[in-house]
Amino acid sequence: MQFGIFTVGDVTTDPTNGRTPTENERIKAMMQIALKAEEVGLDVFATGEHHNHPFVPSSPTTMLGWIAARTEKIILSTATTLITTNDPVKIAEDYAMLQHLADGRVDLLMGRGNTGPVYPWFGQDIRTGIPLAIENYGLLRRLWREDVVDWEGKFRTPLQGFTSTPRPLDGVPPFVWHGSIRSPEIAEQAAYYGDGFLHNGIFWPFDHSKRMIEFYRKRWAHYGHGAEDQAIVGVGGQIFMRKNSQDAVNEFRPYFDNAPVYGHGPTLEDFSRETPLTVGSPEQITERLLSYRTHFGDFQRMMLLVDHAGLPLKTVLEQLDMLGEDVLPVLRKEFAIGRPAHIPDAPTHASLVAAAATENVLEEVQS
Amino acid sequence: MTTRKLFVVSAGLSQPSSSRLLADHLATATARELRARGEEVEVRTIELRDHAHDVVNNTLTGFAPGALREVLDAVAAADGLIVVTPTFRASYSGLFKSFFDVVEEEALADKPVLIGATGGTPRHSLVLEHAVRPLFAYLRSVVVPTGVYAASEDWGTGGGKAHQGLAQRIDRAAGEMAALITMREPVTVADPFESAPSFDQLLG
């Protein structure tokens, strides 16, 4: 079971003092948060990708490369990589390069992301979001797995005798998760390839996430990758904590009330009841996060949002300290209890290299 | 025999509300007409003011909180919809529109809808034709030919001419609504995951 945090990289005014960080301050803060994530024992740090204000992370591999050079263990990932408007050739090369620099500590979450206006800036159309995600990802897979690629599709220029460089580290491409809030087509895509499916339902009711994940599990089994409960599932969460639960509620409320996405809408209490958002003591946070298993079954990765809505860096770092000290050890222990032996862990570079070696041995024996 | 489900939406804001009163009259008359055609009928009525905050929250967050989710599911599952709005600034109320903004578009396709409106003056009566009917035409509903508008004077007591006129319009609309419902199969709601395309289909 992997636990991580993800940032969407929003530059938001702190509603308690009216101060808006500069882009430079926010970018540097995100890097401090990533380093802290490793320090407190989290398994994954992921960054979103955006090309529109008020978001800053337009260049994830630059950011993740910086983090890779300063960390030892943490897996670097995305939340999400835009498989629609990015060139799959550039994704193949950028993330293979990152994979080498990070000694394999890299995986990706593919998403369509984006609001309508972003697509035309990159020569695409949001109405073809699903076909783009299908075609571009199909090409990306081949670029990572075949040394020389001849390819022709609908959306980008054809390739003749093209070799994506560098080749993936140890000949093993980064593991890929697919993310979608609403489209069964993307769960279907993840199931077809035997890739992971991460449902980040942080702004959505549990019931909705549950249906998407159940659909993915069913289709995963349909395509012969294993039993439904062996599918590779990730889920999103959102937390804010203080030792005393009322302090957490009081401190977080102005950030909640003014947050992008849900601010000026539901009350903190309503939203906490309907969605995974949990505000309270470390014990309450732990209990709620453990309850995800009753909704989704045993899963492989949990990604938490802790640094948005204008929360100051100091507060976010305090959140991470509490997460590492008071919450994570209990989550690791409790999630392991009663977890059936046949449920796989999330793939890592090491496990994928081992699996590839086993496959090679089998092929040699057979030939 | 399947029970026909009538779902009634009143966007009246005051209590008591003349929109609710008109909605109740339309519902009673439609249920009576359906029973006269040998159908079992179940009527459920909501007032949008009870869901006003959830409707706004849904427009801001993209999902319907629990109680509203249940209402939207009931709308999709209804065999016919009766909708009544007060007239605000020569159109439907903002709350009325906001509610239908969060109803899934396909949910109202081919669904019989009986439209009603209330207002302080008969001069607003065309609100049904220039605002409400086009909205449901866009949603591909089957809008009952007779829409029922009730101005203050239509509610006159004592069986005067205006009152008789309203009662007649209600009966005529209810008859048309019942006919549209009975010529259709009872509504069943499809599971979106059952109809999701397979990967072969996605590859085209």
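Residues numbered from 1 in each chain as written. Chains lettered and ligands numbered in written order. Predicted model: local features only at pLDDT ≥ 70, side-chain atom pairs only at ≥ 80, totals over all residues. Heavy atoms only, no water.

Chemist: Before we go on, may I ask you to explain the overall build of chain A in this structure?
Modeler: From N to C terminus, chain A includes 13 helices and 12 strands. Looking at chain A as a whole, 56% of its 367 residues are labelled buried. In chain A, 72% of the contacts between residues at least 6 apart in sequence involve partners at least 24 apart. For chain A, the computed accessible surface area is about 15200 Å², with 53% contributed by carbon and sulfur atoms. For chain A, the distance from the average site of its 33 positive side-chain charges to the average site of its 47 negative ones is 2 Å. (Helix = DSSP H or I, 4+ residues; strand = E, 2+ residues; numbered from the N terminus. Buried < 20%, exposed > 50% of the residue type's maximum accessible area, 1.4 Å probe, protein only. Contact = heavy atoms within 4.5 Å. Areas by Shrake-Rupley, 256 points an atom, 1.4 Å probe, with all protein chains shown as cover. Lys, Arg positive; Asp, Glu negative; His and termini not counted. Charge placed at Lys NZ, Arg CZ, Asp CG, Glu CD.)

Chemist: So what exactly am I meant to see when it comes to the nonpolar core here?
Modeler: What tends to happen in soluble globular proteins is that the nonpolar side chains get buried as a cluster. Of all hydrophobic cores here, the largest spans 110 residues; its most connected members are I5(A), L42(A), Y216(A), F252(A) and M302(A). Excluding residues that lie within four positions of it along the chain, F252(A) makes contacts with F240(A), Y262(A), L268(A), L277(A), V279(A), H308(A) and L311(A). F7(B), V9(B), V55(B) and V71(B) belong to the second largest nonpolar core, which has 38 residues in total. (Core = buried A, V, L, I, M, F, W, Y, C linked by side-chain atoms within 4.5 Å.)

Chemist: Mind showing me how you'd approach the UniProt feature "domain: NADPH-dependent FMN reductase-like" (unreviewed entry) in chain B here?
Modeler: In the numbering used here, UniProt assigns the feature "domain: NADPH-dependent FMN reductase-like" (unreviewed entry) to residues 5-155 of chain B. With 41% helix and 23% strand, the stretch residues 5-155 of chain B has end C-alpha atoms that lie 28 Å from each other. (UniProt positions renumbered as here; feature names shortened; annotations may be inferred.)

Chemist: It is not clear to me how the interface of chain A and chain B should be interpreted in this structure. Could you clarify?
Modeler: By convention, interface size is frequently given as the accessible area that disappears when the constituent parts associate. Across the boundary between the two partners, chain A contributes 27 residues, which contact 17 residues of chain B. Together, I134(A), R211(A) and E274(A) form the three largest contributors to the area buried by chain A at its contact with chain B, with a combined 25%. On inspection of chain A and its partner chain B, the count reaches one salt bridge. Close ionic contact of D191(B) with R211(A) constitutes a salt bridge, the shortest N to O distance being 2.9 Å. Applying the counting criterion to the chain A and chain B interface returns four residue pairs in polar contact (both at pLDDT 80 or more). Elements that contribute at least two residues to the side of chain A that touches chain B include exactly α5 (129-145), α6 (184-193), α7 (206-222) and α9 (268-274) of chain A. Grouping the constituent residues of the side of chain A that touches chain B by class yields 15 nonpolar, five polar and seven charged. (Buried area = accessible area lost by both parts, 1.4 Å probe. Salt bridge = Lys/Arg side-chain N within 4 Å of Asp/Glu carboxyl O. Polar contact = N/O pair within 3.5 Å; in protein donor to acceptor, adjacent residues only side chain to side chain. Nonpolar A, V, L, I, M, F, W, Y, C, P; charged D, E, K, R; others polar.)

Chemist: Teacher, can you tell me more about the side chain of R301(A) here?
Modeler: All names here are of chain A. By the secondary structure assignment, R301 is in strand β12 (residues 301-305). Look at R301 and you get buried, because its relative accessible area is 1%. One polar contact links R301 to D107, side chain to side chain, over a distance of 2.7 Å. If we skip the residues at most four places from it in the chain, R301 touches Q2, V44, I75, S77, D107, W177, L198, V233, G234 and V235.

Chemist: Please explain the packing of aromatic side chains as it appears in this structure.
Modeler: Geometry of an aromatic ring pair is reported as the spacing of the ring centres plus the angle between the planes. Residues and elements named next belong to chain A. The full count for this structure, using the stated rule, is 27 aromatic pairs over all chains. Here the aromatic rings of Y137 and Y193 are separated by 5.2 Å at their centres, their planes lie at 75°, and the arrangement is edge-to-face. Taken together, the positions of Y137 in helix α5 and Y193 in helix α6 put the pair 56 residues apart, joining distant regions of the chain. By relative accessible area, which is 2% here, Y137 ends up buried. When its relative accessible area of 19% is taken as the criterion, Y193 is described as buried. Aromatic side chains F296 and F299 sit 6.5 Å apart centroid to centroid with 75° between the ring planes, which places their arrangement in the edge-to-face category. On the accessibility criterion, F296 (6% relative accessible area) is buried. By relative accessible area, which is 1% here, F299 ends up buried. An aromatic cluster of at least three residues, connected via ring pairs, comprises F3, F206, Y292, F296, F299 and F335. (Phe/Tyr/Trp six-rings, centres within 6.5 Å; stacked < 30°, edge-to-face > 60°.)

Chemist: What is the right way to look at the pairing of strand β5 (residues 107-111) of chain A in this model?
Modeler: Every other side chain in a regular strand lies on the same face of the sheet, so the side chains alternate between the two faces. Residues and elements named next belong to chain A. β5 sits mainly inside the fold: five of its five residues count as buried. Where burial is concerned, the two faces of β5 agree: the one with D107, L109 and G111 and the one with L108 and M110 are both buried. Of the strand pairs in this sheet, strand β4 (residues 81-82) and β5 are connected by two bridges, and their pairing is parallel. The partner of T81 across the bridge, within β5, is M110. For the crossover from β4 across helix α3 (residues 88-101) to β5, the handedness is right-handed. Note: β5 against strand β8 (residues 175-179), four bridges, orientation parallel. In the sheet register, M110 faces β8, and the bridge partner there is H178. (Pairing = 2+ DSSP bridges. Right-handed = clockwise from strand over helix to strand, strands pointing away.)

Chemist: When you look at the pattern of salt bridges in this model, what are you seeing that I'm missing?
Modeler: Residues and elements named next belong to chain B. In total, this model carries 40 salt bridges over all chains according to the counting rule given. With its nearest N and O atoms 2.8 Å apart, the salt bridge here joins R20 to E47. With R20 in helix α1 (residues 18-36) and E47 in strand β2 (residues 40-47), the pair connects residues that are 27 residues apart, well separated along the chain. By relative accessible area, which is 25% here, R20 ends up partly exposed. Residue classification places E47 among the buried positions, given a relative accessible area of 10%.

Chemist: Honestly, the environment of D14(A) in this entry has me stumped. Any pointers?
Modeler: Residues and elements named next belong to chain A. Here D14 shows up in the loop between β1 (2-7) and α1 (23-39). Among the residues examined, D14 registers a relative accessible area of 6% and is labelled buried. In contact with D14, other than residues within four places in its own chain, are R19, Y255, G310 and P312. Here Y255 takes part through its side chain, which lies 3.0 Å from a polar atom of the side chain of D14.

Chemist: Is there a simple way to explain the confidence of the model for chain B in this structure?
Modeler: For any part of a model where pLDDT is low, the fine detail of the predicted coordinates should not be relied upon. Mean pLDDT over chain B stands at 93; residues scoring 70 or higher make up 95%. Across the interfaces of the predicted complex, the ipTM metric reaches 0.80, alongside a pTM of 0.91. (pLDDT = per-residue confidence, 0-100.)

Chemist: Help me out: how do you make sense of unusual backbone geometry in this one?
Modeler: Most peptide bonds adopt trans geometry, and most residues besides glycine take a negative phi value. The amide bond that connects H53(A) to the next residue, P54(A), takes the cis arrangement and shows omega of 10°. Relative to the assigned elements, P54(A) resides in the loop between β2 (44-47) and α2 (60-70). Each neighbour pair has its own omega, and for Q15(B) with P16(B) the value is 0°, a cis peptide bond. With respect to the secondary-structure elements, P16(B) resides in the loop between β1 (3-10) and α1. Here A309(A), not a glycine, exhibits a phi torsion of approximately 60°, which is positive. The phi dihedral of A90(B) falls on the positive side, at around 70°, and the residue is not glycine. Tracing the sequence through the fold places A90(B) in the loop between β3 (80-86) and α4 (94-102). According to the relative accessible area criterion, A90(B) is partly exposed, its value standing at 38%.

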